[in-house]
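# Observations on the model geometry
The primary structure of each chain is shown beneath.
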Amino acid sequence: MSKKANPTIIGAFVLGAIALTVAGVLFFGSGKFLTERRPFVLYFEGSVKGLTAGAPVNFRGVRIGSVTDIKVLFDREDLSARIPVYIEIEPERFSQASGGPDTKRVLTATEQRKFMDRMIEHGLRAQLQMQSLVTGQLMVQLDFLPNTPVRQVNADTSVLEIPTIPSDMQEIERTLDTAITALNELDLDNIGNKLSSTADGIDRLVN
């Protein structure tokens, strides 16, 4: 007759397996389950082609978060469309200088909004930048640019919004469009006729 298994030993084995599994997930998952991530929303002008969920969010080249979602917000009143980009920032990426407040303390919603208002007033802006020239993938770059305008949409008040500025490529495209428009507005035929008349006058004077 076979010996009956001890329930205590089986239970201990199962609990040990579960503990090892949880520890492995936390270790190999870089502790993401224990990380408090703070959501923000960005509204960029123009196309966001090349930006995908999971793209890095950097602050002066240091990765501090990632893009979580990209949506299309349609307004039936003026038939306009906006593209909100949702990101999450990892607070543990930041450390407080000595003598400052405790950065590990969870801020209330009011404190977070006041702190973000100070950051925006100091020049905090978000910009799309090229992540890879080969694949055309984009990323979000955060930095303090106090001499840039504050452009906020305030379409989703449930999430704190970070103002955005046009990317370098968008600025180049805008400059080219302005130059082309200025050229189209010039009366080239009239200018050509005047130049021709001037050349004829010089020719007669020289002769």
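Residues numbered from 1 in each chain as written. Predicted model: local features only at pLDDT ≥ 70, side-chain atom pairs only at ≥ 80, totals over all residues. Heavy atoms only, no water.

### Section: unusual backbone geometry
If you check the backbone angles, Arg60 has positive phi at about 55 degrees while not being a glycine. When you line up the elements, Arg60 lands in the loop between strand E2 (56-59) and strand E3 (62-70). Relative accessible area serves as the criterion here: at 53%, Arg60 is assigned to the exposed category. Phi angles above zero are rare outside glycine, and Asn154 is one such case at about 60 degrees. (Helix = DSSP H or I, 4+ residues; strand = E, 2+ residues; numbered from the N terminus. Buried < 20%, exposed > 50% of the residue type's maximum accessible area, 1.4 Å probe, protein only.)

### Some remarks on the confidence of the model for the chain
Here the chain averages 76 in pLDDT, while 65% of its residues score no lower than 70. The spread of mean pLDDT over the elements of the chain runs between helix H1 (residues 7-28), the lowest at 57, and E2, the highest at 94. Ignoring residues within four places in sequence, the model shows residues 25-34, a span with pLDDT below 50, making 6 contacts including any to other chains. (pLDDT = per-residue confidence, 0-100. Contact = heavy atoms within 4.5 Å.)

### Some remarks on the pairing of strand E6 (residues 84-89)
The buried fraction of E6 is high, at 5 of 6 residues. Where strand E1 (residues 38-43) meets E6, 6 bridges bridge the pair, whose relative direction is antiparallel. Its bridge partner lying in E6, Pro39 is registered against Glu88. Relative to E6, E3 runs antiparallel, the two being bridged by 5 bridges. The residue bridging Val67 from the neighbouring strand is Ile87, located in E6. (Pairing = 2+ DSSP bridges.)

### Here we look at the sheet that holds E3
The strand order across the open sheet formed by 7 strands is E7-E8-E2-E3-E6-E1-E9, and the pairing between neighbours is mixed. The open sheet terminates on both sides in strands that have one partner only, identified here as strand E7 (124-130) and strand E9 (160-161).

### With respect to the packing of aromatic side chains
Going through the model one piece at a time under the given rule, you end up with 1 aromatic pair. Ring centres of Phe59 and Phe144 lie 5.8 Å apart, and the angle between their planes is 80 degrees; this geometry places the pair in the edge-to-face category. Residue Phe59 is found in strand E2, and its partner Phe144 is found in strand E8 (residues 138-144); the two are separated by 85 residues along the sequence. Residue classification places Phe59 among the buried positions, given a relative accessible area of 19%. (Phe/Tyr/Trp six-rings, centres within 6.5 Å; stacked < 30°, edge-to-face > 60°.)

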